[in-house]
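Structure assessment
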Amino acid sequence: MDVQLLEATADPERLICQAARNDYMEEYVADASFEDVMTAIDGDSLEDRQETLIHHLLDHGHFGPFEHPHATFAVEGISRSCMAQLTRHRHVSFDVQSMRYVSFDEVDPEDVHDGEMVVVPPSATDPDWVGRNQESGPVDDETAAEREALFRETIADSFEAYQNLLEKGMPPEDARYVLPIGTKVNLVMSMNARMLMHVADMRAAADAQWEIRELTEGVLNLAAEWCPTTFEYYDEKMHNRKNRLAP
Ligand SMILES: Cc1cc2nc3c(=O)[nH]c(=O)nc-3n(C[C@H](O)[C@H](O)[C@H](O)COP(=O)(O)OP(=O)(O)OC[C@H]3O[C@@H](n4cnc5c(N)ncnc54)[C@H](O)[C@@H]3O)c2cc1C
């Protein structure tokens, strides 16, 4: 999978501070300089004051100001299963690659066998992989090889069936019904910084599935570059703890 930041609010932490300070200022925030807006906050420099305020907001659960900055991410090559989990989050906006208008008629089923069009989970190839909801443990090499062969043959067969149905005149929007839930998809998603923390609370957690965890960790890394004070604090004090944003 790949995840990249496409667009984002240019100075997210200044915006968070302006919004938060608006709540406690007599003056109109739009008429005041940012220096004036921040004078009441402790710190030697403007950067220090910004950090003080952001930490204070996060410490006290004052999350509203984090709803103002937005970020848009491009995601490549996650499974439709992972997408179904992700799109449950109602305050995230999505654009999802269509299977009605994009048909995979040129794909070679041999390449599908090798993992080109379908996400191959680690449990299909790693004998020692143990999933969270799995009753059995690691398997021997022979069973692992059989498991991998079965998985790869099944996904290749389903793409072959899909292409046969297209050749027999079935529209892509209906022929896709035979494709596996692991079929890769690209999407674009936008959310505000508060929602990003909420998604991370749920999807970077130990009980989330490996694929959505990997995606969310990638999003969190990009968020730490985009909105550093907030997401460094998140990483240190909130990541992998109890869901605080919408308990
Ligand atoms: C480990 C794990 C396992 C899961 N298993 C299943 C499963 O088996 N089946 C299944 O269906 N789902 C499952 N889910 C999905 C889960 O139940 C949520 O639907 C999903 O994670 C969206 O998160 P959210 O409820 O916080 O809502 P979001 O859409 O992310 O909204 C954020 C917050 O806004 C508030 N909110 C949004 N809409 C409403 C509303 N209509 N009414 C009141 N408050 C609202 C809530 O406080 C909510 O937490 C699972 C999630 C996880 C992390």
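Every chain is numbered independently, its residues counted from 1 as its sequence is written. The predicted origin of the model limits local features to residues at a pLDDT of at least 70 and limits the giving and counting of side-chain atom pairs to 80 or more, whereas totals for whole chains, interfaces and linings rest on all residues.

- Identification of the chain as Flavin-dependent thymidylate synthase from Halovenus aranensis is taken from an unreviewed UniProt entry.
- Note on the chain: under the UniProt heading Sequence similarities (unreviewed entry), the record states "Belongs to the thymidylate synthase ThyX family." UniProt positions are given in the numbering used here, feature names are shortened, and annotations may be inferred rather than shown by experiment.

Quick notes on the overall build of the chain
- Strands here are runs of E lasting at least two residues and helices are runs of H or I lasting at least four, both read from the DSSP assignment and numbered beginning at the N terminus. Secondary structure summary: the chain contains eleven helices and four strands in total.
- Radius of gyration: C-alpha atoms only; globule rule: 2.2 Å multiplied by the number of residues to the exponent 0.38. Its C-alpha radius of gyration of 23 Å places the chain more than 25% over the 18 Å reference for a compact globule of 247 residues.
- Overall, the C-alpha framework of the chain stretches about 70 × 45 × 25 Å when taken along its three principal axes.
- Exposed residues have 12 or fewer other C-beta atoms within 10 Å of their own C-beta, buried residues have 20 or more, and partly exposed residues fall in between, where C-beta atoms are placed from the backbone. Counting over 247 residues, the chain shows a buried share of 26%.
- Residues are scored as being in contact if the C-beta atoms we place from backbone atoms lie within 7 Å. For the chain, restricting intrachain contacts to residue pairs at least 6 apart in sequence, the fraction spanning at least 24 positions comes to 72%.

A word on the UniProt feature "binding site: dUMP" (unreviewed entry) in the chain
- Taken from the UniProt record, the annotation "binding site: dUMP" (unreviewed entry) applies to Gln85, Leu86, Thr87, Arg88, Ser98, Met99, Arg100, Arg176 and Arg203. In summary, the annotated positions, distributed over 119 residues, remain apart in three dimensions as well, the widest C-alpha pair reaching 28.5 Å.
- Along the polypeptide, Arg88 turns up in the loop between α4 (80-86) and β3 (93-96).
- For Arg88, a count of 10 C-beta atoms within 10 Å corresponds to the exposed category.
- Within the element layout of this structure, Ser98 appears in the loop between β3 and α5 (109-113).

Description of the domain arrangement of the chain
- Either an automatic procedure or a domain database provided the assignment from which the domain bounds are taken. Considered domain by domain, the chain is made up of domain 1 (2-72 + 191-238) and domain 2 (107-182).
- Inter-centroid distance (C-alpha atoms) of domain 1 to domain 2 is 40 Å.

Some thoughts on helix α3 (residues 46-59)
- Over its 14 residues, α3 extends 20 Å from the first C-alpha to the last, a length consistent with the 20 Å expected when each residue adds 1.5 Å.
- Of the residues making up α3, those classed as buried are Arg49, Gln50, Glu51, Leu53, Ile54, Leu57 and Leu58.
- Where α3 ends, the next residue or the one after it, Gly61, has phi of about 70 degrees, a positive value. Expected span of a helix, by definition, is 1.5 Å for each gap between consecutive residues, and there is one gap fewer than residues.

Observations regarding the environment of Ser79
- Tracing the chain through its elements places Ser79 in strand β2 (residues 70-79).
- The class of Ser79 is buried, set by 22 C-beta atoms lying within 10 Å.
- Considered as a pair, Ser79 and Phe63 are 16 residues apart in the sequence and their alpha carbons are 31 Å apart.
- In this view, Ser79 contacts Val119, Ile181, Gly182, Thr183, Lys184 and Glu211; residues no more than four positions away in its chain are not counted.

A look at the pairing of strand β4 (residues 184-192)
- Here, any two strands with at least 2 DSSP bridges between them count as paired. Where β2 meets β4, eight bridges bridge the pair, whose relative direction is antiparallel. What sits directly across from Val75, in β4, is Leu187.
- For β3 and β4, the ladder comprises four bridges, and the chain directions are antiparallel. Among the inter-strand pairings, Val96 is bridged to a residue of β4, identified as Leu187.

Some thoughts on the packing of helix α1 (residues 12-22) against α3
- One way to put it is that α1 packs onto α3 with a least axis distance of 10 Å and a crossing angle of 65 degrees. Put simply, α1 runs roughly perpendicular to α3. The interaxial crossing formed by α1 with α3 has left-handed handedness. When α1 is examined against α3, the residues Glu13, Ile16, Cys17 and Ala20 are found in contact with a partner set consisting of Gln50, Leu53, Ile54 and Leu57. A fitted line through C-alpha atoms serves as each axis, taken over the contacting stretch for helices, and the angle formed by two N-to-C directions is quoted from 0 to 180°. Oblique is the label for every angle not falling under 35 degrees (roughly parallel), over 145 degrees (roughly antiparallel), or within 65 to 115 degrees (roughly perpendicular). It is the rotation of the near helix from the far one that decides the hand of a crossing: anticlockwise by less than a right angle makes it left-handed, clockwise makes it right-handed.

Some words on the environment of Ala20
- Structurally, the position occupied by Ala20 is in helix α1.
- Measuring from C-alpha to C-alpha, the distance between Ala20 and Ile54 comes to 9.1 Å, with 34 residues separating the pair along the chain.
- When neighbours within four sequence positions are excluded, Ala20 is seen to be in contact with Leu53, Leu57, His62 and Pro65.

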